[in-house]
Amino acid sequence: MDVVSIGETMVMFTPHTNGQMRYARNFTSRIAGAETNTLIGLAKLGHQTGWISRVGKDEFGALILSAVRGEGVDTSQVIVDEEAPTGICFKEIINEKNMQVYYYRKYSAASFLSPNDINEDYIASAKYLYVTGITPALSQSCRDSVFYAIQIAKKHGKKVIFDPNVRRKLWKEEEEARKVLLSIAEMSDIVLPGVSEGKFLFGTDDCEEISNLFHQRGVESVIVKRGEKGAYYSTPFEKGYVKGIKVEKIVDPVGAGDGFAAGVLSGLLDGLNFAESVARGCAIGAMVTTVSGDIEGLPNREMLEMFIHSSEQDDVVR
């Protein structure tokens, strides 16, 4: 395995029409999960990825397993729960700049994930363990599972990459969220916060200050996502800004951060330096925003090269 991750994936329903969801009558179903988004993005680029989770023994669970497996991600470590259901969510799109996601995941199968569900050898076989701040917010057993997975990775000398991915709706108290997320960061080798997450954790939206504050907590490398402006990266050997790629029209911004993580990890796995890896992350993040859905805009290598080449010819990709 190149990358293994742990977390919940749900079935997401999106109305065919924009506006308040109370007026929607027809919906499209897709899979949605930060961790599987990134794993699928990596698989499309030819990397070996694996997913640890639980789904319900229901049609939604079957849909998720079929979709994730069909995208090339190993699902051998996903447990089918005979009692708890698969989580679902709804995406309400008022307009391009106003979207809401409503979650129905309390007591879902994935929320019962526990350290007993984790195979040490599976994580030990990977080069990277990728975790987000979503999973530890789902339940205490999920939180314990994330910390246990990280401990296994550290025990076997594997790199841990962490995206804080703050979801305020999932946490009972913001102070608890900060404490848990910073504890995970301190155990990670690479942290990928967005500017807003840096603001949430440290009270500043200055990229360089956010990076320095993570470094002070022992994090080796930090990449701060700046949206369409690109990203700032800071490692023991190099630091700097990488420009983003502007697109003519943003169709759906959800999932861009997951695509960014896939690009960065892919670059590192390919032996690129941090600047080049971050540039790949920016490119994939931009591509994701041009297509409706979390994974539909994730590219294979040929599509990625074409996109990067076209962006070099024009400031705005059309």
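Above: the structure in question.
Observations regarding the overall build of the protein chain
Turning to step 1, where the next piece is worked out: Counting its secondary structure elements, the protein chain contains eleven helices and 15 strands.
Turning to step 2, where the next piece is worked out: Taken over C-alpha atoms, the radius of gyration comes to 18 Å for the protein chain, in line with the 20 Å a tight globule of 318 residues would show.
Turning to step 3, where the next piece is worked out: Taken along its principal axes, the extent of the C-alpha atoms in the protein chain is 50 × 50 × 40 Å.
Turning to step 4, where the next piece is worked out: In the protein chain, buried positions account for 56% of the 318 residues.
Turning to step 5, where the next piece is worked out: A fraction of 68% describes how many contacts in the protein chain between residues 6 or more apart in sequence connect residues 24 or more apart.
Turning to step 6, where the next piece is worked out: Of the roughly 14200 Å² of accessible surface on the protein chain, a fraction of 48% belongs to carbon and sulfur atoms.
Turning to step 7, where the next piece is worked out: Distance from the positive charge centre (35 side chains) to the negative charge centre (43 side chains) of the protein chain: 4 Å.

Details of the nonpolar core
Turning to step 1, where the next piece is worked out: Grouped together as the largest cluster of nonpolar side chains are 50 residues, with contacts concentrated most on Val3, Trp51, Ile190, Ile223, Phe260 and Val278.
Turning to step 2, where the next piece is worked out: Top element by residues in this core is helix H10 (residues 274–289). It accounts for eight residues.
Turning to step 3, where the next piece is worked out: Ignoring sequence-local partners within four residues, the contact set of Val3 consists of Leu39, Leu42, Gln48, Thr49, Gly50, Tyr128, Tyr130, Leu265 and Leu269.
Turning to step 4, where the next piece is worked out: In terms of nonpolar packing, the next biggest core, distinct from the first, is built from 42 residues, Ile118, Ile123, Phe162 and Val166 among them.

Some remarks on unusual backbone geometry
Turning to step 1, where the next piece is worked out: Positive phi values are uncommon outside glycine, yet Tyr107 reaches one of about 65°.
Turning to step 2, where the next piece is worked out: Of note, Tyr107 is situated in the loop between strand S7 (98–104) and helix H3 (120–124).

Section: the sheet that holds S7
Whether parallel or antiparallel, the strands of a sheet pair through hydrogen bonds between backbone atoms.
Turning to step 1, where the next piece is worked out: Judged by pairing direction, the sheet is mixed, and its four strands sit side by side in the order S3-S2-S6-S7 without closing on themselves. The open sheet is flanked by strand S3 (27–32) and S7, the only strands paired with a single partner. Within this sheet the neighbouring strands show an average axis-to-axis angle of 25°, counted without direction.
Turning to step 2, where the next piece is worked out: Note: strand S2 (residues 10–15) against strand S6 (residues 88–95), three bridges, orientation parallel. Across the sheet, the residue bridging to Phe13 is Phe90, located in S6.
Turning to step 3, where the next piece is worked out: In this fold helix H2 (residues 59–70) packs onto S2, S3 and S6, with an angle of close to 95° to the strand it touches most, S2.

Digging into H10
Turning to step 1, where the next piece is worked out: Over its 16 residues, H10 runs 23 Å from end to end, which matches the ideal 22 Å to within 8%, given 1.5 Å per residue.
Turning to step 2, where the next piece is worked out: Of all 16 residues in H10, 13 are buried, a share of seventy percent or more.

Notes on the pattern of salt bridges
Turning to step 1, where the next piece is worked out: In total, this model carries 17 salt bridges according to the counting rule given.
Turning to step 2, where the next piece is worked out: The salt bridge partner of Arg54 is Asp81, with a shortest N-O separation of 3.1 Å. Of this pair, Arg54 sits in strand S4 (residues 49–56) while Asp81 sits in strand S5 (residues 74–81), and the two are 27 residues apart along the sequence.
Turning to step 3, where the next piece is worked out: When its relative accessible area of 14% is taken as the criterion, Arg54 is described as buried.
Turning to step 4, where the next piece is worked out: The salt bridge involving Arg168 is made with Glu174; its shortest N-O contact spans 2.7 Å.
Turning to step 5, where the next piece is worked out: On the basis of relative accessibility, which here comes to 48%, the residue Arg168 falls in the partly exposed class.
Turning to step 6, where the next piece is worked out: Linked through salt bridges whose partners overlap, the residues forming this network are Arg168, Glu174, Glu175 and Arg178.

Here we look at the environment of Gly263
Turning to step 1, where the next piece is worked out: If you trace the backbone, Gly263 turns up in helix H9 (residues 256–269).
Turning to step 2, where the next piece is worked out: A relative accessible area of 0% places Gly263 in the buried class.
Turning to step 3, where the next piece is worked out: The residues contacting Gly263, other than those within four sequence positions of it, are Ser277, Arg280, Gly281 and Ile284.

Overview of the side chain of Ser5
Turning to step 1, where the next piece is worked out: Tracing the backbone through its elements, the reader meets Ser5 in strand S1 (residues 3–6).
Turning to step 2, where the next piece is worked out: Residue classification places Ser5 among the buried residues on the basis of a relative accessible area of 0%.
Turning to step 3, where the next piece is worked out: For Ser5, the contacting residues outside a window of four places in its chain are Glu35, Leu39, Gly50, Trp51, Ile52 and Tyr130.

Focus on the packing of aromatic side chains
Turning to step 1, where the next piece is worked out: One pass over the full model with this rule turns up six aromatic pairs.
Turning to step 2, where the next piece is worked out: With a centroid separation of 5.7 Å and an interplanar angle of 70°, the aromatic rings of Phe13 and Phe60 are classed as edge-to-face. Of the two residues, Phe13 is situated in strand S2 and Phe60 in helix H2; the sequence distance between them amounts to 47 residues.
Turning to step 3, where the next piece is worked out: We classify Phe60 as partly exposed; its relative accessible area is 32%.
Turning to step 4, where the next piece is worked out: Between Phe13 and Phe90 the ring centres are 5.4 Å apart and the planes differ by 25°, which places this aromatic pair in the stacked class. Separated by 77 residues along the polypeptide, Phe13 in strand S2 and Phe90 in strand S6 bring together distant segments of the chain.

Description of the packing of helix H5 (residues 140–155) against helix H6 (residues 174–186)
Turning to step 1, where the next piece is worked out: Two elements in contact, H5 and H6, have axes separated by 11 Å at closest approach and are oriented at 15°. The orientation of H5 with respect to H6, classified from their angle, is roughly parallel. Crossing of H5 over H6 shows left-handed handedness. For the pair H5 and H6, contact is made by Arg143, Val146, Phe147 and Ile150 and by Glu176, Val180, Ser183 and Ile184, respectively.
Turning to step 2, where the next piece is worked out: In terms of residue class, the contact of H5 with H6 is made up of five nonpolar, one polar and two charged.

Parameters at a glance
Residues numbered from 1 in each chain as written. Predicted model: local features only at pLDDT ≥ 70, side-chain atom pairs only at ≥ 80, totals over all residues. Heavy atoms only, no water. Helix = DSSP H or I, 4+ residues; strand = E, 2+ residues; numbered from the N terminus. Rg over C-alpha atoms; globule rule 2.2 N^0.38 Å. Buried < 20%, exposed > 50% of the residue type's maximum accessible area, 1.4 Å probe, protein only. Contact = heavy atoms within 4.5 Å. Areas by Shrake-Rupley, 256 points an atom, 1.4 Å probe, with all protein chains shown as cover. Lys, Arg positive; Asp, Glu negative; His and termini not counted. Charge placed at Lys NZ, Arg CZ, Asp CG, Glu CD. Core = buried A, V, L, I, M, F, W, Y, C linked by side-chain atoms within 4.5 Å. Pairing = 2+ DSSP bridges. Axes fitted to C-alpha atoms, helices over the stretch in contact; angles between N-to-C directions. Expected span 1.5 Å × (residues − 1). Salt bridge = Lys/Arg side-chain N within 4 Å of Asp/Glu carboxyl O. Phe/Tyr/Trp six-rings, centres within 6.5 Å; stacked < 30°, edge-to-face > 60°. Parallel < 35°, antiparallel > 145°, perpendicular 65-115°, else oblique. Left-handed = near helix turned anticlockwise from the far one by under 90°. Nonpolar A, V, L, I, M, F, W, Y, C, P; charged D, E, K, R; others polar.

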